[in-house]
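The lines below spell out each chain.
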Amino acid sequence: MAVQPFNYNYTVIQMLTRFEAGVIDNSTGGVVTLENGSQLTLPADGVANRDGSPYSGAVHVKMNSIDPASLDLFEQMPGNLSGFGLEGELAAMASYGMLMVELESENGTLLQMAEGKEAELQFAVPDKLLADAPSQIPLWYFDEEEGYWYEEGSAVLQFDKYIGKVSHFSTWNCDRKV
């Protein structure tokens, strides 16, 4: 009788610090900028409670940038670099910038974008990726319940940043299909 070898599958996960990048007054809107130049811009009255009702007060922005050129990319990012495109097709992706964003009230309750409002995200593109960065790139968000990336919208390259608009928050990724 032959002995069957065990099959092992290892996953390495690197926890990221939940970082408060800044505070914005919802009535006026504002900008939060990370050290690498990535930014979030919220419009005036752009944030609502999770049930859609109006929110007034300070918006605490929890935001991290994940470097797509980092050797630790796959340990830091959610999921892997595959997702579903606009036509529902499964696609492999190459990342040029990634931001994890959560909005919270003063008491720590999660907030969302108000109906009909959009936030602007600016993703800093690492120098070593700029040479082959396309002028326009699809935006992808990570669905934590399903464990996949989904294409939604696009971003335009301006100098060393991709700039795009989003209507909800999770982890957002600038990726070309490969």
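Residues numbered from 1 in each chain as written. Predicted model: local features only at pLDDT ≥ 70, side-chain atom pairs only at ≥ 80, totals over all residues. Heavy atoms only, no water.

Peer 1: So what exactly am I meant to see when it comes to the nonpolar core here?
Peer 2: Here is a general trend for soluble globular proteins: nonpolar side chains tend to be buried in one another's company. Core analysis: the biggest nonpolar cluster contains 33 residues, and Leu-40, Leu-42, Leu-103, Leu-121, Tyr-162 and Phe-169 have the highest contact counts within it. Here this core takes four residues from strand S7 (residues 90-104), the largest share from any one element. Once you skip the residues sitting within four places of it in the chain, Phe-169 turns out to touch Leu-40, Leu-42, Val-101, Leu-103, Met-113, Ala-119 and Leu-121. Within the second largest apolar cluster, ten residues are counted, among which are Met-77, Met-93, Met-98 and Trp-149. (Core = buried A, V, L, I, M, F, W, Y, C linked by side-chain atoms within 4.5 Å. Buried < 20%, exposed > 50% of the residue type's maximum accessible area, 1.4 Å probe, protein only. Helix = DSSP H or I, 4+ residues; strand = E, 2+ residues; numbered from the N terminus. Contact = heavy atoms within 4.5 Å.)

Peer 1: What is the right way to read the side chain of Glu-151 from this model?
Peer 2: Along the chain, the position of Glu-151 falls in strand S11 (residues 148-158). Of the residues examined, Glu-151 reaches a relative accessible area of 13% and is grouped as buried. Among the polar contacts listed, one links the side chain of Glu-151 to the backbone nitrogen of Leu-86, at a separation of 3.2 Å. In this structure, Glu-151 is in contact with Phe-84, Gly-85, Leu-86, Pro-138, Leu-139, Trp-140 and Lys-177, ignoring residues within four places of it in sequence. (Polar contact = N/O pair within 3.5 Å; in protein donor to acceptor, adjacent residues only side chain to side chain.)

Peer 1: I would appreciate a short explanation of the packing of aromatic side chains in the present structure.
Peer 2: For any pair of aromatic rings, the description rests on two quantities: the centre-to-centre distance and the angle between the ring planes. Taken as a whole, this structure holds six aromatic pairs when the rule is applied. Between Phe-84 and Tyr-150 the ring centres are 5.7 Å apart and the planes differ by 25 degrees, which places this aromatic pair in the stacked class. Of the two residues, Phe-84 is situated in strand S6 (residues 82-84) and Tyr-150 in strand S11; the sequence distance between them amounts to 66 residues. Centre to centre, the rings of Tyr-96 and Tyr-162 are 6.4 Å apart; their planes meet at 80 degrees, and the pair counts as edge-to-face. In this pair, Tyr-96 sits in strand S7 while Tyr-162 sits in strand S12 (residues 161-166), placing the two residues 66 residues apart along the sequence. With respect to burial, Tyr-96 and Tyr-162 carry one shared label: buried. Taken together through their ring pairs, the aromatic side chains of Phe-84, Tyr-141, Tyr-148, Tyr-150 and Trp-172 make up a single cluster. (Phe/Tyr/Trp six-rings, centres within 6.5 Å; stacked < 30°, edge-to-face > 60°.)

Peer 1: Explain unusual backbone geometry to me, please; I cannot follow it from the model alone.
Peer 2: Most peptide bonds take the trans form, and the phi angle of most residues other than glycine is negative. Phi at Asp-45 takes a positive value of approximately 50 degrees, unusual for a residue other than glycine. Checked against the element boundaries, Asp-45 lands in the loop between strand S3 (39-42) and strand S4 (47-49). Positive phi outside glycine occurs at Phe-159, with the angle close to 60 degrees. Within the secondary structure, Phe-159 is located in the loop between S11 and S12.

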